[in-house]
Amino acid sequence: MQKIKNIAVIAHVDHGKTTLVDQLLQQSGTFEAHQEVQERAMDSNEIEMERGITILSKNTAITYGDHKINIIDTPGHADFGGEVERVLKMVDGVLLLVDAQEGVMPQTKFVLKKAIAFGLIPVVVINKIDKEGSDPDRVMDEVFDLLVALDANEDQLDFPVLYAAARDGYAKYEMEDENKDMVPLFDAIIEHVPYPKGSPDNDTQAQVFTLDSDNFVGRIGITRIFNGKIKKGDEYLLVKASGEKIKSRVSKLIGFKGLERIDITEAEAGDIVAIAGFSDIDVGDSVCDKSNPVALDPMHVEEPTLSVIMSVNNGPLAGQEGKHVTSNKISERLEKEMETNIAMRMEPMGDASFKVSGRGELQIGILAENMRREGFEFMLARPEVVTKEENGVKMEPFEHLVVDVPEEFQGVAIEKLGKRKANMTSLIPMPDGTVRLEFEIPARGLIGFRNEFLTDTKGEGIMNHSYLEYRPYSGTVQSRTPGALVSMDNGEAVAFSIFNLQARGVMFINPQDKVYSGMVIGESSRPGDLDVNPLKGKALTNMRTSGTDEAVKLVTPRKITLESAMEWIEDDELIEITPISVRIRKKSLDPVVRKRAARDKKNSK
Ligand SMILES: Nc1nc2c(ncn2[C@@H]2O[C@H](COP(=O)(O)OP(=O)(O)OP(=O)(O)O)[C@@H](O)[C@H]2O)c(=O)[nH]1
Ligand SMILES: [Mg+2]
């Protein structure tokens, strides 16, 4: 039997997981000498490369001496925490990376908590020790304290620690040791990560943790084999979460080697392989022996905490820029997403609209971004938290928030977060003159906060948050204060009127942009919405301004992105998304209806 180690690399966002996997791939000699490999090779999809973040967990395999090490790289951003949760069940050990300067951050806690609950012993890697301001001793203490706080058992508290600079390709047991290579880390994996349990002689049991597709063989399930063997050409029973059993034949068996996939004929307990031939295969399904099917526990991941209504675009510019615009197309696409993305949910709401739920604005934003790139056109409403009832009490999700701000902004940060119902739990001055503030805050209070926070801290503040738990509903939370500048006409915006409107606030549009009545074209510098006309040409009577057209200097408008719009909009607004444009509009395009609604709202207060 082959000697196998299965590990997942987990950490807070940007602490260096994908970079570390690059180095492990490189230094194990898995790549051929002539093979050109991109930086952060595991971040292979388009949006991952653009943003430099990992979104989907991905696996690779390396050989080290007489061992095969299956490595799963996971995303660090809190919104993709569901990916980490489901992967932890597939491995026998984790590499926990912690940035030697930033230290323990919200998502470090979230992922470590899950790993500890699965009984895994972490191999702790204090990474980026080359960084200026790094303080490996302090960070090591933070990790230890965290493990104690998480009720780690004695074996888990006895975790090994390495100090590394993943980017520079070395890891070592003591800070005094020479900066050489990754050998100490490879050895630590071999020594501390247990061998897989289970036996190739038992009846087959495997579980699917990721789906993939291939133009030639269709749906592929990436599975961890817990018992028995999987052979190409043999029949197995696919047991679904519902209990339904479907018999299929493995038409193709694929093994992993570095970034390549290779055809194999057989794999056994302990290994991770991809199988084709099961057209109904889904994440969480078990692949079992056909005469003795014993399914594995279906996977549980934390429920979504945020939802947003997605609907068919019904604005005046609808259907001009997108390829897929109907309710049917949108529904089909969302259903396809839900098959692979077990941390998300979708629910038809009637009226050509759907409720899409996920872990956060970024997760929902990435789905929307993928859809617009595929040619979809649709609208999104303001994100709302998913509340639930427990023993008759309304509950809402809370987040653990860490903000790092230069000392002079400490006051404003605390004040603004107080208004959003945040409760400060710690305040630590850092050696570099910044202050680290920790809060527990209703997730609602964070919607739209990032923009305000960046403005308040002149762009120098850093904020990070991650899901904590459901707690009783905390009442009204403050939202956006500035009103919207709303167009009162249809047509193409005129430079001269944009110039005049600049005094009223921040514009979102350029001259010649298409606008319509009810479309939001800027942010007012005051509270309350303002109807404005961006189409008004220059007054003809004003002869003196002839020849001064060049003097019409326009400020660069604020660029509306999908995510900034999700943060910005209010309940009575929508985002219109097409492959080419992101626009903000009022739900009601009719100014009379809006005025009446505003008056009713005021009277009811
Ligand atoms: N100074 C320094 N920078 C590093 C080191 N390792 C990684 N980085 C940098 O940190 C940034 C993030 O690295 P990634 O490997 O993408 O981090 P990640 O943990 O995979 O990020 P997510 O998958 O998005 O959570 C990149 O700019 C890396 O070049 C290191 O040892 N030292
Ligand atoms: Mg990554």
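The shown structure was predicted, so the numbers you read here are calculated from the model rather than taken from an experiment. (Residues numbered from 1 in each chain as written. Chains lettered and ligands numbered in written order. Predicted model: local features only at pLDDT ≥ 70, side-chain atom pairs only at ≥ 80, totals over all residues. Heavy atoms only, no water.)

Engineer: Break down the packing of aromatic side chains for me, with residues and values.
Structural biologist: Considering all chains together, one arrives at five aromatic pairs under this definition. Judged by centre distance (6.4 Å) and plane angle (40°), the ring pair of Phe144 and Phe159 falls under tilted. A residue pair is termed long-range when its members are at least 10 positions apart, and Phe144 in helix α5 (residues 136-149) and Phe159 in the loop between α6 (154-157) and β6 (161-165) qualify at 15 residues. Looking at Phe144, the relative accessible area reads 34%, which means it is partly exposed. The ring of Tyr473 is capped by Lys394, whose NZ or CZ atom sits 3.9 Å from the centre of that ring. Here the guanidinium or amino end of Arg471 rests over the ring plane of Phe398, the centre of that ring lying 5.2 Å away. (Phe/Tyr/Trp six-rings, centres within 6.5 Å; stacked < 30°, edge-to-face > 60°. Helix = DSSP H or I, 4+ residues; strand = E, 2+ residues; numbered from the N terminus. Buried < 20%, exposed > 50% of the residue type's maximum accessible area, 1.4 Å probe, protein only. Lys NZ or Arg CZ within 6 Å of the ring centre and 35° of its normal.)

Engineer: Before we move on, could you go through the site of ligand 1 and cite the residues and values that matter?
Structural biologist: In the region of ligand 1, 18 residues are neighbours, and Lys17, Thr18, Thr19, Thr54 and Asp130 sit closest. Between Asp130 and ligand 1, the recorded distance is 2.7 Å, taken from a side-chain N or O atom to a nitrogen atom. When the free accessible area of ligand 1 is taken as 660 Å², the share hidden by the protein chains comes to 90%. Along the lines of polarity and charge, the residues of the shell around ligand 1 split into four nonpolar, eight polar and six charged. (Near = heavy atom within 4 Å. Polar contact = N/O pair within 3.5 Å; in protein donor to acceptor, adjacent residues only side chain to side chain. Areas by Shrake-Rupley, 256 points an atom, 1.4 Å probe, with all protein chains shown as cover. Nonpolar A, V, L, I, M, F, W, Y, C, P; charged D, E, K, R; others polar.)

Engineer: Please give an account of the sheet that holds strand β7 (residues 170-172) that cites residues and values.
Structural biologist: Spatially, β2-β3-β1-β4-β5-β6-β7 is the arrangement adopted by the seven strands of the open sheet, whose pairing is mixed. Unpaired on one side and paired on the other, β2 (58-64) and β7 mark the two borders of the sheet. The mean angle between the axes of side-by-side strands here comes to 25°, regardless of whether they run parallel or antiparallel. Lying on the sheet, helix α4 (residues 106-117) is in contact with β1 (3-11), β4 (93-99) and β5 (122-127); it crosses β4 at an angle near 165°. Along the sheet face, helix α7 (residues 183-192) touches β1, β2, β3 (67-73), β4, β5, β6 and β7 and points at about 95° away from the line of β2. (Pairing = 2+ DSSP bridges. Axes fitted to C-alpha atoms, helices over the stretch in contact; angles between N-to-C directions. Contact = heavy atoms within 4.5 Å.)

Engineer: Explain the sheet that holds strand β12 (residues 245-249) to me, and be specific about the residues and the numbers.
Structural biologist: Taking strand neighbours across the sheet as the criterion, the eight strands line up as β12-β11-β17-β8-β9-β16-β13-β14 in an open arrangement whose pairing is antiparallel. Single-partner strands in this sheet number two, and they are β12 and β14 (260-264). Each adjacent strand pair in this sheet contributes to an overall mean axis angle of 40°, direction not counted.

Engineer: Go over the coordination of the magnesium ion (ligand 2), please, and point to the residues and values.
Structural biologist: Every protein donor of the magnesium ion (ligand 2) is listed here as Thr18 (OG1) and Thr54 (OG1), and their distances to the metal cover 2.0 Å. Here Thr18 is found in helix α1 (residues 17-27), whereas its partner Thr54 is found in the loop between α2 (46-51) and β2, with 36 residues between them in sequence. What makes Thr54 buried here is its relative accessible area of 7%. (Donors = N, O, S within 2.8 Å, 3.2 Å for Na, K, Ca; no water.)

Engineer: Kindly report on the nonpolar core, identifying the contributing residues and their values.
Structural biologist: Within the largest apolar cluster, 67 residues are counted, with the highest numbers of intra-cluster contacts made by Ile10, Ile126, Ile230, Ile275 and Val287. When residues no more than four places from it in sequence are discounted, the contact partners of Ile230 are Thr204, Ala206, Ile225, Tyr236, Val250, Leu253, Thr265, Glu266, Ala267, Ile275 and Val287. (Core = buried A, V, L, I, M, F, W, Y, C linked by side-chain atoms within 4.5 Å.)

Engineer: Could you give an account of unusual backbone geometry, with specific residues and numbers?
Structural biologist: Within the chain, Arg40 stands out as a residue other than glycine whose phi angle is a positive 45°. Along the chain, Arg40 turns up in the loop between α1 and α2. Despite not being glycine, Lys128 has its phi angle at roughly 65°, a positive value.

Engineer: Outline the environment of Met379, listing residues and values.
Structural biologist: With respect to the helices, strands and loops of the structure, Met379 is situated in strand β21 (residues 378-381). Residues Met379 and Val183, spaced 196 residues apart in sequence, show a C-alpha to C-alpha distance of 51 Å.

Engineer: If you had to explain the pairing of strand β32 (residues 519-524) to someone new, which residues and values would you point to?
Structural biologist: Where burial is concerned, most of β32 is hidden: six out of the six residues are buried. Alignment of strand β30 (residues 505-507) against β32, held across three bridges, turns out to be antiparallel. By the bridge assignment for β32, Val506 is matched with Glu523. Pairing analysis gives two bridges linking β32 to strand β35 (residues 582-586), with the strands arranged antiparallel. In the sheet register, Val520 faces β35, and the bridge partner there is Ile584.

Engineer: Let's hear about the side chain of Thr434: which residues, and what values?
Structural biologist: With respect to the helices and strands, Thr434 occurs in strand β26 (residues 434-442). A polar contact of 2.7 Å, which involves the side chain of Thr434, links it to the side chain of Asp432. Beyond its immediate stretch of four places on either side in the chain, Thr434 contacts Val405, Pro406, Glu407, Ile428 and Pro429.

Engineer: Outline the pattern of salt bridges, listing residues and values.
Structural biologist: Scanning the entire structure with this criterion turns up 47 salt bridges. For Glu85, the salt bridge identified is with Arg359, shortest N-O distance 2.5 Å. On the criterion of sequence distance, the pair formed by Glu85 in helix α3 (residues 81-88) and Arg359 in the loop between β20 (353-358) and α9 (361-373) is long-range, its members being 274 residues apart. Taken individually, Glu85 and Arg359 each receive the classification buried, so the pair is uniform in this respect. A salt bridge links Lys595 to Asp531, with the shortest nitrogen-to-oxygen separation between them at 3.7 Å. Taken as a pair, Lys595 in helix α15 (residues 591-604) and Asp531 in strand β33 (residues 530-532) lie far apart in primary sequence, 64 residues in all. Of the residues examined, Lys595 reaches a relative accessible area of 55% and is grouped as exposed. For Asp531, a relative accessible area of 29% translates into the label partly exposed. Each of Glu46, Glu50, Glu369, Arg372 and Arg373 takes part in a single network of salt bridges with overlapping partners. (Salt bridge = Lys/Arg side-chain N within 4 Å of Asp/Glu carboxyl O.)

Engineer: How would you sum up the pairing of β20? Please name residues and give values.
Structural biologist: With five of its six residues buried, β20 lies for the most part within the structure. Where strand β18 (residues 306-311) meets β20, six bridges bridge the pair, whose relative direction is antiparallel. Bridged to Leu306 within β20 is Gly358. Relative to β20, strand β19 (residues 345-350) runs antiparallel, the two being bridged by five bridges. Within β20, the position partnered with Pro348 by the bridge is Phe354. Where β19 hands over to β20, the hairpin turn is made up of two residues, of which Asp351 adopts a positive phi near 60°.

Engineer: So what's going on with a negative patch on the surface? Which residues, and what values?
Structural biologist: A surface patch of negative charge is lined by Glu174, Glu176, Asp177 and Glu178. Mapped onto the secondary structure, Glu174 falls in the loop between β7 and α7. Residue Glu174 is classed as partly exposed on the basis of its relative accessible area of 43%. (Patch = residues over 30% accessible without salt bridge, like charges linked within 9 Å, V, L, I, M, F, W, Y side chains within 5 Å. Lys, Arg positive; Asp, Glu negative; His and termini not counted. Charge placed at Lys NZ, Arg CZ, Asp CG, Glu CD.)

Engineer: Describe the confidence of the model for the protein chain, and please don't skip the residues or the numbers.
Structural biologist: Model confidence for the protein chain is summarised by a mean pLDDT of 91, while 96% of its residues fall at 70 or above. Least confident of the elements in the protein chain is α15, whose mean pLDDT is 84; most confident is β21, at 98. Long-range and interchain partners of residues 540-547, a stretch whose pLDDT sits below 50, account for one contact in this model, where long-range means more than four residues apart. (pLDDT = per-residue confidence, 0-100.)

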